[in-house]
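Residue-level structural notes
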Amino acid sequence: MPEDPGRLVDAITTAVREGDDHRIDLLLNRFKNVAELPDLIRLRRRLRGSAMPRCS
């Protein structure tokens, strides 16, 4: 499991996209121990961006 908050953000967004609830839980538990406010904001932006439909 990644230790770097940036890599955790990537892993969390991937798990969300794949619908892997168990992995999301594990990653978020790790993330809450290593993340700081900028990391939380980055995660929020990534999750909001992944939820928006992509236009071509």
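Treat the numbers as computed from the prediction; the structure is a model and nothing was measured.

Some details on the nonpolar core
Among the nonpolar cores identified, the biggest contains nine residues, and these are Leu8, Val9, Ala11, Ile12, Ala15, Ile24, Leu27, Phe31 and Leu43. Ranked by residue count, the leading element in this core is helix α1 (residues 5-18), at five residues.

Points about the packing of α1 against helix α2 (residues 21-34)
Helix packing for two helices is described by the angle between their axes and how far apart those axes are. Where α1 contacts α2, the two axes come as close as 9 Å, and the packing angle between them is 155°. Taken together, α1 and α2 sit at an angle that is classed as roughly antiparallel. Crossing of α1 against α2: the hand is left-handed. Taking contact as the criterion, the partners of Pro5, Leu8, Val9, Ala11, Ile12, Ala15 and Val16 in α1 are, on α2, Arg23, Ile24, Leu27, Leu28, Arg30, Phe31 and Val34. Taken together, the residues that form the contact of α1 with α2 break down as 12 nonpolar, no polar and two charged.

Re the side chain of Asp39
Tracing the backbone shows Asp39 in helix α3 (residues 37-51). The exposure class assigned to Asp39 is buried, which follows from its relative accessible area of 10%. In terms of polar contacts, Asp39 uses its side chain to reach the backbone amide nitrogen of Glu36, at 2.8 Å. Apart from residues lying up to four places away in sequence, Asp39 is in contact with Pro5, Val9, Phe31 and Val34.

Some words on the pattern of salt bridges
Per the counting criterion, the structure on display carries three salt bridges. Across the salt bridge formed by Arg30 and Glu3, the nearest N and O atoms sit 2.3 Å from each other. Note that Arg30 is positioned in helix α2 and Glu3 in the segment before α1, a separation of 27 residues in sequence. The class for Arg30 is partly exposed, based on a relative accessible area of 23%. Here Asp39 ties to Arg42 by a salt bridge, and the two come within 3.3 Å at their closest N and O atoms. Taken as a pair, Asp39 and Arg42 lie in helix α3 at a separation of three residues, close to a single helical turn. Given a relative accessible area of 35%, Arg42 falls into the partly exposed group.

Thresholds, definitions, all that
- Residues numbered from 1 in each chain as written.
- Predicted model: local features only at pLDDT ≥ 70, side-chain atom pairs only at ≥ 80, totals over all residues.
- Heavy atoms only, no water.
- Core = buried A, V, L, I, M, F, W, Y, C linked by side-chain atoms within 4.5 Å.
- Buried < 20%, exposed > 50% of the residue type's maximum accessible area, 1.4 Å probe, protein only.
- Helix = DSSP H or I, 4+ residues; strand = E, 2+ residues; numbered from the N terminus.
- Axes fitted to C-alpha atoms, helices over the stretch in contact; angles between N-to-C directions.
- Parallel < 35°, antiparallel > 145°, perpendicular 65-115°, else oblique.
- Left-handed = near helix turned anticlockwise from the far one by under 90°.
- Contact = heavy atoms within 4.5 Å.
- Nonpolar A, V, L, I, M, F, W, Y, C, P; charged D, E, K, R; others polar.
- Polar contact = N/O pair within 3.5 Å; in protein donor to acceptor, adjacent residues only side chain to side chain.
- Salt bridge = Lys/Arg side-chain N within 4 Å of Asp/Glu carboxyl O.

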